[in-house]
Amino acid sequence: MATAAAAGAAGDAWWVEHAGPAAVAHRQQVRLAALVRHARRASPYYRRLYRAVPPDVTDPVVLPPVAKPQLMEHFDQWVTDPRITLAGLRRDVLADPARVGVPYLGRYHVLTSSGSSGEPAVLVHDDRSWSSAGAVLGVRARRTLLRRDVLAPVARHGLRVAALLATGGHFAAVTAAEDLRRRSPRRRERLRVLSVLRPLPELAAELEAFRPTVLVGYPSAVDLLAAEQAGGRLRIAPALVAVGGETLTPAARRRIRAAFGCPVLDEYAASEAPGLAVQCHRGTLHVNADRYLFEPVDEDGRPVPPGSTSATVLVTDLGNRVQPIVRYDLGDRVELRADPCPCGSPLPAVRVEGRAGDVLRFASADGRTVPVLPLALGTVVEETPGVRRFQAVRTAPDTLVLRLEPEPGADPGRVRAAVDARVRAFLADRGLGAVRVRHAPDPPRPEPSGKFRQVWSA
């Protein structure tokens, strides 16, 4: 079923891309109407939410936006399969690391968001939409994936993919990787998942032993590896670097490209919307608008014209039927390109400001400067039982300040002590045992712009 759905999605993606803007708009209208009909019929939450909405919807602006807190509050009424409950997922899936990448009830893929815009969400994707998203990404990135300087080294040395990800949780990227590994013993040998929580020298040593032909990871993590490669402390020769999960800055792209001497493929996705956008061969991100509605809006929810940066973006996944995502506030600041991309794609081009955290750099006892990845530190904190939200701020070369918001009912003192112990152990493992960890009395708070950042250097 999933294989047939992926093949059909790939063929349709190719056809729509060549058919032009009218075909993209038609797909959006037909798929939105079908999604809204399904949500009204099968989701008690949307049935109530859409009581005053006209019967046939082809324009998303008639639908009220939704946000993570309200959806999570009504999780059991949000999903369309009554066998799925939030308590059941937390008990049977999320509490068990061995369940990462294993379909729930044989057909659903369960993820948690990183929590970069506040409280983490629990997301469920049906097998059809999950496999289709990956197939569409492959079609849209084909001009990069099928380059001679990519294919030739892979043909000579074999496909070996090293994925540098946040492990220990049901995050989207690691869930996708483990799902691929589970499907085939040969894939398990060719796809290795490495934790960004590990010290950099260990990662470099394992990468050199594995000799990947494709390197996958978060931009901040791959950027650090590029520095190791440029400094002679890492010696690998990937044919392709693929990044996602954080904003890839132009400077980071240049450093990665120069260090590894291969193409860099950027993907923009979220746990709520896997496969949202992928880079064309000209280096521009294009939204897969036949699969997702993408609405940049201002602080009052009004559309933002191309060429202007939004306050946030509303996203609709036109394929997911088990947990409908309709005009979901993703929290990212984006800007649609005002002029056509030279690649000729009819799909909208986007620049993503996102919610990227800073790489924190601390001074070790022996005088070295040690980088700490925002996603690695964030995983250590937010995976501590009892943490609902947090912020981590480097205020000096030897000081890290934490702001914590415990889960309702959790003992704040115990949560703070547990986070303190985990963070100190994490830093000590990197030779940063002398870094002072302080707890601020105030809770996490957004910046004056309204943007929420978890990890940054002040």
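To keep things clear, this report deals only with the structure shown in the data block. Since the model is a prediction, treat every value here as computed from it, not as a measurement.

What counts and how
Residues numbered from 1 in each chain as written. Predicted model: local features only at pLDDT ≥ 70, side-chain atom pairs only at ≥ 80, totals over all residues. Heavy atoms only, no water. Helix = DSSP H or I, 4+ residues; strand = E, 2+ residues; numbered from the N terminus. Rg over C-alpha atoms; globule rule 2.2 N^0.38 Å. Buried < 20%, exposed > 50% of the residue type's maximum accessible area, 1.4 Å probe, protein only. Salt bridge = Lys/Arg side-chain N within 4 Å of Asp/Glu carboxyl O. Phe/Tyr/Trp six-rings, centres within 6.5 Å; stacked < 30°, edge-to-face > 60°. Pairing = 2+ DSSP bridges. Axes fitted to C-alpha atoms, helices over the stretch in contact; angles between N-to-C directions. Core = buried A, V, L, I, M, F, W, Y, C linked by side-chain atoms within 4.5 Å. Contact = heavy atoms within 4.5 Å. Expected span 1.5 Å × (residues − 1). Arc of directions from axis to C-beta. Polar contact = N/O pair within 3.5 Å; in protein donor to acceptor, adjacent residues only side chain to side chain.

1. Digging into the overall build of the protein
Link 1 in the chain: Assigned secondary structure in the protein consists of 16 helices and 20 strands.
Link 2 in the chain: Expected size for 458 residues packed as a compact globule is a radius of gyration near 23 Å; at 22 Å, the protein falls within 12% of this value.
Link 3 in the chain: Projected onto its principal axes, the C-alpha positions of the protein cover 65 × 55 × 45 Å.
Link 4 in the chain: For the protein, the residues scored as buried account for 54% of the 458 residues in total.

2. Some points on the pattern of salt bridges
Link 1 in the chain: Taken as a whole and judged by the stated rule, the model has 28 salt bridges.
Link 2 in the chain: Measuring nitrogen to oxygen at the nearest pair gives 2.9 Å for the salt bridge that ties Arg 31 to Asp 12. Within this pair, whereas Arg 31 is found in helix H2 (residues 21–42), its partner Asp 12 is found in helix H1 (residues 2–19), the two being separated by 19 residues in sequence. Side by side, Arg 31 and Asp 12 carry an identical accessibility label, which is buried.
Link 3 in the chain: A salt bridge links Glu 178 to Arg 181; the nearest nitrogen and oxygen atoms lie 3.2 Å apart. Here Glu 178 and its partner Arg 181 are both found in helix H10 (residues 172–183), three residues apart, which amounts to about one turn of the helix.
Link 4 in the chain: Assessed through its relative accessible area of 24%, Glu 178 is described here as partly exposed.
Link 5 in the chain: Bridged by salt links that share partners, the residues Glu 17, Arg 140, Arg 142 and Asp 290 form one connected network.

3. Re the packing of aromatic side chains
Link 1 in the chain: In the structure shown here, the tally under the stated rule is four aromatic pairs.
Link 2 in the chain: Each ring, one from Tyr 46 and one from Tyr 50, has its centre 5.3 Å from the other, and the planes form 45 degrees; the classification is tilted. By the burial criterion, Tyr 46 is buried, and Tyr 50 matches it.
Link 3 in the chain: Both rings, one in Phe 75 and one in Trp 78, keep their centres 5.9 Å apart while their planes meet at 80 degrees; by these two values the pair is edge-to-face. One end of the pair is Phe 75 and the other is Trp 78, both in helix H5 (residues 75–78) and three residues apart, which spans about a single turn.

4. Side note on helix H15 (residues 374–382)
Owing to its 3.6 residues per turn, the α-helix brings residues three or four apart onto one side.
Link 1 in the chain: Of all nine residues in H15, nine are buried; the element is thus mostly enclosed.
Link 2 in the chain: Listed in full, the buried residues belonging to H15 are Pro 374, Leu 375, Ala 376, Leu 377, Gly 378, Thr 379, Val 380, Val 381 and Glu 382.

5. Side note on unusual backbone geometry
Link 1 in the chain: At Arg 211, a residue that is not glycine, the phi angle is positive and equals roughly 55 degrees.
Link 2 in the chain: By the element assignment, Arg 211 lies in the loop between helix H12 (200–210) and strand E5 (214–217).
Link 3 in the chain: In this model, Arg 327 sits at a positive phi of 55 degrees, which is unusual for a non-glycine residue.
Link 4 in the chain: With respect to the helices, strands and loops of the structure, Arg 327 is situated in the loop between strand E11 (312–317) and strand E12 (328–329).
Link 5 in the chain: Accessibility expressed as a relative area gives 5% for Arg 327, which makes it buried.

6. Comments concerning the sheet that holds strand E3 (residues 161–165)
Link 1 in the chain: As summarised here, the arrangement of the nine strands in space is E4-E3-E5-E6-E7-E8-E9-E14-E13, forming an open sheet in which the pairing is mixed. Edge strands, defined here as strands with exactly one partner in the open sheet, are strand E4 (191–195) and strand E13 (334–336). Each strand of the sheet is rotated relative to its neighbour by a mean of 25 degrees, with strand direction disregarded.
Link 2 in the chain: With four bridges joining them, E5 and strand E6 (residues 240–243) adopt parallel strand pairing. The partner of Leu 215 across the bridge, within E6, is Val 241.

7. Let's talk about the pairing of strand E10 (residues 292–297)
Link 1 in the chain: Counting buried residues along E10, six of its six residues qualify, which places the element largely inside the surrounding structure.
Link 2 in the chain: Of the two faces of E10, the one holding Tyr 292, Phe 294 and Pro 296 and the one holding Leu 293, Glu 295 and Val 297 are both buried throughout.
Link 3 in the chain: Where E10 lies against E11, six bridges are found, and the strand directions are antiparallel. By the bridge assignment for E11, Glu 295 is matched with Leu 314.

8. What about the nonpolar core?
Link 1 in the chain: Core analysis: the largest hydrophobic core is formed by 70 residues, its most contacted members being Phe 260, Leu 377, Leu 400 and Val 423.
Link 2 in the chain: Setting aside its immediate chain neighbours within four residues, Phe 260 contacts Leu 215, Val 222, Leu 225, Ala 226, Gln 229, Leu 234, Ile 236, Pro 238 and Val 241.
Link 3 in the chain: Ranked by size, the runner-up nonpolar core spans 52 residues in total, among them Phe 75, Tyr 268, Ala 277 and Tyr 292.

9. Some points on helix H16 (residues 412–428)
Link 1 in the chain: With 17 residues, H16 should cover 24 Å at 1.5 Å per step; its first-to-last C-alpha distance of 24 Å lies within 8% of that length.
Link 2 in the chain: Those residues of H16 not exposed but buried are Val 415, Val 419, Asp 420, Val 423, Phe 426 and Leu 427. Along the axis of H16, the buried residues cluster in a sector spanning 135 degrees; they form a single face.
Link 3 in the chain: Its buried side turned inward, H16 meets strand E16 (369–372), H15, strand E17 (387–396), strand E18 (399–406) and strand E19 (436–439).
Link 4 in the chain: N-capping of H16 is provided by Asp 411, with a side-chain oxygen placed 2.9 Å from the backbone N of Gly 413.

By themselves these figures say nothing about function.
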